[in-house]
Amino acid sequence: MRIAVGVRSDGGAALLPLADDGTPVGAVERVDDLAAAVAERERLGPRWVWSASRVVYPPLLAAGVRVARCHDVELTESLLLGHAGRYGEPRSVRAAWARSRDEPVPADEPLEDAGRQPSLFDESGPDEDVEMIAAVHAGQLARIAAGSAGLSLLAAAESAGGLIAAEMGHDGLPWRADLHDALYTELLGPRPSLGMRPRKLQALADQVAEAFGHVVNPDSPAQVVKAFKDAGFPVPSTRAHVLKQIDHPAVPIVLEYKELARLWTAHGWTWLDAWVHDGRFRPEYVVGGVVSGRWATRGGGALQIPKVLRQAAVADPGWKLVVADAAQLEPRVLAALAGDRAFAAAAAQGDLYAALAHVFETAGTTRTASGVAAAKDKPSARDKAKIALLSAMYGGGTGEGVQLLGVLRSRFPEAYEYVENAAREGERGRLVRSRLGRTCPPPSEAWREVAGEESGGGAARSRGRFTRNFVVQATAADWALVLLASLRRRLAGLSGAYGSEGAHLVFFQHDEVVVHTPEKQAEAVATAIRESAEEAGHLMFGRTPVVFPMQIATVDSYADAK
DNA sequence: ACTGGGGGCGCC
DNA sequence: AAAGGGCGCCCCCAGT
């Protein structure tokens, strides 16, 4: 059973019951209080069909109402457009409606970054047309059925992701501002007044000046490059790995400055003021914000939290954080995708790289220019396996990586061929898809012109690297999304309801999830995570020997999960 | 004063 | 022979 929702700007709505194929099975019903109406009908277990959880759901959450399932028209439209090679076209209900009728398609509203939680309720825009939403939804179901297998699961998982993103943005990650402040005071000195560097940072800047004999702004790459050049050390850039190569007293100081300066500017006291309130960090997640299906965030830098800062994420008293990450997700995904039996057998192990190590035992002569370095940093067989796989998935490989790729090719031809094929498709300008059908964007017109002129040129190879990586990264994102949806359902089962009173998701970062849970349920949460990972593997790949083990830690502080 | 590209680096 | 995927966010700096 489905119920379409057309939200009114005054907090009311129009509801329209639908059959599972999307056809209306009743009359439009007007309600004055959407939250109350949803709460009441949620007991029937419907799938809510609405324009976008991004807009509709936050006001419901604020009213204390949560739902189990939805069909997010906007997210689904994005997936379907991409699948049809029309990546980036307007995805709103109105746009989808207009497209289906060959009418002029209105541009999407820009995602506002000023007003935090966007909401229909506090805008004076036009009311949504529930019959239009229902019609677009029905059309989407038909397009899903006509598309590649997996699209149905993908749309459901993406919609669940929309709910989860809104819920995590609402509930927030437990955050101890006092610990954050104490850590920063220790690292940088006390919070400086506006426009001033923290004491420690200023001291380092002074030391930089001393080392060069004149004032150099370490925040300015141009000034630093010039200073090293004038000192007889020409460098192409001030990247850390470049500076580490040269022997000048300013190097360690500049590097320390840059490390601390980044902590300060990206996640310092200003960030704390802006993003942490009432003991919670509430980022704004953007579902499908990355073309591969990974999420992005807007404003809070939630997916780039420095590891050292994780000690500020601490469970409430009597609660725990259950932190879980999928071990070696991407190579496992490749193994399952390619159906390479030898490779999959290795991926049936806990440590995939170790299981592959024997194959690379003697491979790859260390022919580094510096013999000393080669002897010291000689990679283990396990390291070689890792390098070979990363090279295969990223399209890279320098020196030894090339030889190791050769080993991969001869021992695991199907896995090798899978990513090679994706690269060839990309070089020819074709589209590639994830396991569930998420599709890469088409190359630009400019690319087609360049690629046509000089085949095999840099642009083509770059595109090949992109599509090579896309099939793996996007399938890993599929898997993570399916896991997330499954876990959300299981956590609701543990608590008896969707909500933050019991165990609930508080953080998600590509292949890692964090659940905030009453201590008593931590064990059950860990079990739910393992079951969800297993379910995701089966839903995505059917029968496969590949396992997706989760590394799970139950901790007070996020930093304690290693 | 504002904007946008580039450098650099945080996370995966 | 060489070859390195995806983001967000900060600062600087040149252009307007």
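Check the entry above for the structure.
Cut-offs used in this document
- Throughout, a residue's number is its position along its own chain's written sequence, starting from 1.
- Chains carry letters and ligands carry numbers; both start at the beginning, A for chains and 1 for ligands, and go up in the order they are written.
- In view of the model being predicted, local features appear only for residues whose pLDDT reaches at least 70, and side-chain atom pairs are presented and counted only at 80 or more, with totals across whole chains, interfaces and linings using the full set of residues.
- For the side-chain quantities, the full set of heavy atoms in the structure was used; hydrogens and water were omitted.
- Buried residues are those whose accessible area, probed at 1.4 Å on protein chains only, stays under 20% of the maximum for their type, while exposed residues exceed 50% and partly exposed ones sit between those limits.
- Going along the chain from the N terminus, every DSSP run of H or I of four or more residues is numbered as a helix, and every run of E of two or more is numbered as a strand.
- In short, DSSP must find at least two bridges between two strands for them to pair.
- By salt bridge we mean one thing: a side-chain nitrogen of Lys or Arg within 4 Å of a carboxyl oxygen of Asp or Glu.
- Any pair of residues with heavy atoms lying within 4.5 Å of one another is described as a contacting pair.
- Only Phe, Tyr and Trp rings take part, Trp by its six-membered ring, and two of them pair if their centres are within 6.5 Å. Stacked means planes under 30 degrees apart, edge-to-face means over 60, and tilted covers everything else.

(A) Expanded view of the pairing of strand S1 (residues 2-7). Burial analysis of S1 places six of its six residues in the buried class, which makes it a mostly covered element. The side-chain alternation of S1 yields two buried faces, one formed by Arg2, Ala4 and Gly6 and the other by Ile3, Val5 and Val7. In this sheet, strand S2 (residues 13-18) lies alongside S1 in antiparallel orientation, the contact comprising six bridges. Residue pairing for S2: arginine 2 is matched across the bridge by leucine 18.

(B) Quick peek at the pattern of salt bridges. A complete count under the given rule lists 31 salt bridges for this structure. Measuring nitrogen to oxygen at the nearest pair gives 2.9 Å for the salt bridge that ties arginine 41 to glutamate 29. Here arginine 41, found in helix H1 (residues 34-42), pairs with glutamate 29, found in strand S3 (residues 29-31); they are 12 residues apart in sequence, far enough to count as distant. Here arginine 41 falls in the buried class, since its relative accessible area comes to 15%. Looking at glutamate 29, the relative accessible area reads 35%, which means it is partly exposed.

(C) The arrangement of the sheet that holds strand S6 (residues 173-174) in detail. Taken together, three strands build an open sheet; the order of strands is S6-S8-S7 and the sheet is antiparallel. Looking at the sheet topology across the chains shown, the edges are occupied by S6 and strand S7 (276-277). Two elements, S6 and strand S8 (residues 280-281), share two bridges in a ladder whose sense is antiparallel. Note that in S8 the partner of leucine 173 across the bridge is phenylalanine 281.

(D) The environment of proline 192, seen in detail. Mapping proline 192 onto the fold places it in the loop between helix H7 (177-188) and helix H8 (199-212). Through-space distance from the C-alpha of proline 192 to that of valine 314 is 26 Å; in sequence the pair is 122 residues apart. Ignoring sequence-local partners within four residues, the contact set of proline 192 consists of Arg197, Pro198, Trp264 and Trp269.

(E) Representation of the packing of aromatic side chains within the structure. Under the definition given, this model contains 14 aromatic pairs. For the pair phenylalanine 507 and tyrosine 558, a centre-to-centre distance of 6.0 Å together with 70 degrees between the ring planes defines the contact as edge-to-face. Taken as a pair, phenylalanine 507 in strand S12 (residues 504-508) and tyrosine 558 in the segment after strand S14 (550-555) lie far apart in primary sequence, 51 residues in all. Each member of the pair phenylalanine 507 and tyrosine 558 is classed as buried. Measuring from centroid to centroid gives 5.9 Å for phenylalanine 541 and phenylalanine 548, while their planes differ by 15 degrees, and the two rings are stacked. Since its relative accessible area comes to 9%, phenylalanine 548 is described here as buried. An aromatic cluster is built from Trp48, Trp50 and Tyr57, whose rings are joined through pairwise contacts.

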